[in-house]
Structures are given as C-alpha cells and as structure tokens.
Amino acid sequence: MIGHLNLILRLTIWFLLTSDLSVANIIIGVIVALLLPGRQRVPEALRDWLRVLGEVLVAIPQAYFEAVEIIFRPHNHEDVIIERVKPQRTPGLVFLDIFLITFTPKTIVLKYHEQGWFEVHRVRRRRPQG
C-alpha cells in the first residue's frame with residue numbers, strides 16, 4: 001500500500017510542477033515516477049501518509065490565498081525561524097514536510113539539519129508586537 005502512495009505522491013508532485021494533465025505528460029510522469037530510485041524500506045504508518053496527503057490538499061488552496069494576499073497586502077518583513085521536524089519521520093515524510101512548507105508563497109525551507117530542524121524563511125505583514 002505504501003508503494004502505491006509513494007507513486008501517487010511522485011505523480012502529484014509532477015503534476016503540480018508541470019501544471020499539465022495532457023496524456024503525454026501523464027505518460028512522462030508515470031515513467032519518471034517509476035524510474036526514480038527507491039529508498040530503503042522503512043515501515044511507515046499509513047495514517048501518517050494519509051494525514052500528510054490531507055495536508056497537501058489543504059496547502060493547494062492556502063497557496064492561492066497567500067499569493068492573492070501578498071498581491072493586495074504587501075508583506076514587507078521577513079525572518080528566518082527554526083522549526084522542529086516532527087518526531088520519527090521517515091525520509092519520505094521529511095521530504096513532504098519540506099515540500100508543504102516551500103509550496104506556500106510566504107515560506108521556504110532554507111536548510112534541513114539532520115539533527116531534526118528546518119531553517120524556514122518567511123515573509124510577514126508586520127513585526128510582532130512585544
């Protein structure tokens with residue numbers, strides 16, 4: 001089951017990157033997804049994958065909302081924050097976390113630290129009070 005989720009994840013990312021659902025692009029996406037090297041088999045909880053796929057579905061409209069918000073209400077302040085990786089994440093789930101953070105226009109992962117941290121650059125409308 002996880003193998004199928006891996007294929008679906010790869011195809012989803014392919015379609016988000018190419019924005020093309022033509023037959024030729026679908027065929028190319030399937031070939032690329034199948035040719036990408038696999039990773040070591042680590043038992044992953046199906047509920048973790050389903051939760052992350054749900055987060056991907058939420059991130060798509062959020063990204064559009066943030067893009068429109070930045071257009072009409074410019075964000076002039078930026079900072080770099082350190083964010084902890086969720087405990088016991090497999091490499092595939094860490095990749096998805098990075099993808100989700102970077103997918104929205106206000107944030108991007110600058111660096112992943114093997115010790116379990118992300119450096120995240122974000123833009124904001126104003127500095128926090130206090």
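A brief structural summary. (Residues numbered from 1 in each chain as written. Predicted model: local features only at pLDDT ≥ 70, side-chain atom pairs only at ≥ 80, totals over all residues. Heavy atoms only, no water.)

With 27 residues, helix H3 (residues 46-72) should cover 39 Å at 1.5 Å per step; its first-to-last C-alpha distance of 40 Å lies within 8% of that length. Along H3, the sharpest kink reaches roughly 25°, centred on Ala59 and followed within four residues by the proline Pro61. Those residues of H3 not exposed but buried are Trp49, Val52, Leu53, Val56, Ala59, Ala63, Glu66 and Glu69. (Helix = DSSP H or I, 4+ residues; strand = E, 2+ residues; numbered from the N terminus. Expected span 1.5 Å × (residues − 1). Bend = angle between axes of the 7 residues up to and from the residue. Buried < 20%, exposed > 50% of the residue type's maximum accessible area, 1.4 Å probe, protein only.)

Before going further, it helps to spend a moment on the nonpolar core. With 12 residues, the main nonpolar core is built from Leu5, Leu9, Ile13, Trp49, Val52, Leu53, Val56, Ala59, Leu93, Leu96, Phe99 and Leu100. For this core, the secondary structure elements donating two or more residues are helix H1 (2-18), H3 and helix H4 (91-103). A total of five residues in this core trace back to one element, the largest contributor, which is H3. Lining this core are residues from two domains, each supplying at least three of them: domain 1 (1-35) and domain 2 (43-124). Apart from residues no more than four positions distant in its own chain, Leu96 is found in contact with Leu9, Trp49, Val52 and Val56. (Core = buried A, V, L, I, M, F, W, Y, C linked by side-chain atoms within 4.5 Å. Domains from an automatic or database assignment. Contact = heavy atoms within 4.5 Å.)

This next bit is on the sheet that holds strand S3 (residues 117-124). Strand order across the open sheet formed by three strands is S1-S3-S2, with antiparallel pairing between neighbours. Lying at the two open borders of the sheet, with one neighbouring strand each, are strand S1 (77-84) and strand S2 (107-113). Taken over all neighbouring pairs, the strand axes of this sheet differ in orientation by 20° on average, direction set aside. Where S1 meets S3, eight bridges bridge the pair, whose relative direction is antiparallel. Bridging from a neighbouring strand, Arg84 pairs with Trp117 of S3. Sitting on the sheet, H4 touches S1, S2 and S3, and the angle it makes with S2 is about 150°. (Pairing = 2+ DSSP bridges. Axes fitted to C-alpha atoms, helices over the stretch in contact; angles between N-to-C directions.)

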